[in-house]
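Structure assessment
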Amino acid sequence: MAEKRIHAAAQRSEMVILGTHARERMQEREIDDADVLRVLRQGIVVDAPEPAEPGEWKCKIVRRIRGSRDVGVVTIILRDSRLFVKTVEWEDVK
């Protein structure tokens, strides 16, 4: 259900809010807006969503980009169905 909601909301980029921390990590990791939107629109939710604020859910959605690297996008599904991107990370870096 969370995956469907994320995919649907991300079809309209104005429904996606990139937080300051996410923007900093995107710059640091050379992951651009198009990459983040691709993950949100086509990725797979890897863990069960967890409650955030009342009526909101946090989860990580992952997709392979650039041929061989997986990007994880931690996002919060807000009450109004918009998405707040909390952070962005390479999944293969430990």
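In short, a report on the structure. (Residues numbered from 1 in each chain as written. Predicted model: local features only at pLDDT ≥ 70, side-chain atom pairs only at ≥ 80, totals over all residues. Heavy atoms only, no water.)

Attention now moves to helix H3 (residues 33-42). For an α-helix, 3.6 residues make a turn, and residues three or four places apart therefore share a direction. Within H3, the full set of buried residues consists of Asp35, Val36, Leu37, Val39 and Leu40. Those residues of H3 that are buried lie in contact with helix H1 (2-10), strand E1 (16-18), helix H2 (20-29), strand E4 (57-65), strand E5 (69-77) and strand E6 (83-90). (Buried < 20%, exposed > 50% of the residue type's maximum accessible area, 1.4 Å probe, protein only. Helix = DSSP H or I, 4+ residues; strand = E, 2+ residues; numbered from the N terminus. Contact = heavy atoms within 4.5 Å.)

Moving on, we get to the pattern of salt bridges. Side chains bearing opposite charge may pair, as long as their charged atoms lie close to each other. Tallying each qualifying case throughout the model produces 10 salt bridges. In this structure, the salt-bridge partner of Arg29 is Glu28, at a minimum N-O distance of 3.8 Å. Residue Arg79 pairs with Glu56 through a salt bridge whose shortest N-O separation is 3.8 Å. One end of the pair, Arg79, is in the loop between E5 and E6; the other, Glu56, is in the loop between strand E3 (50-51) and E4, with 23 residues separating them in the sequence. (Salt bridge = Lys/Arg side-chain N within 4 Å of Asp/Glu carboxyl O.)

Note that every value here comes from positions in space, so none of it alone points to a role or purpose.
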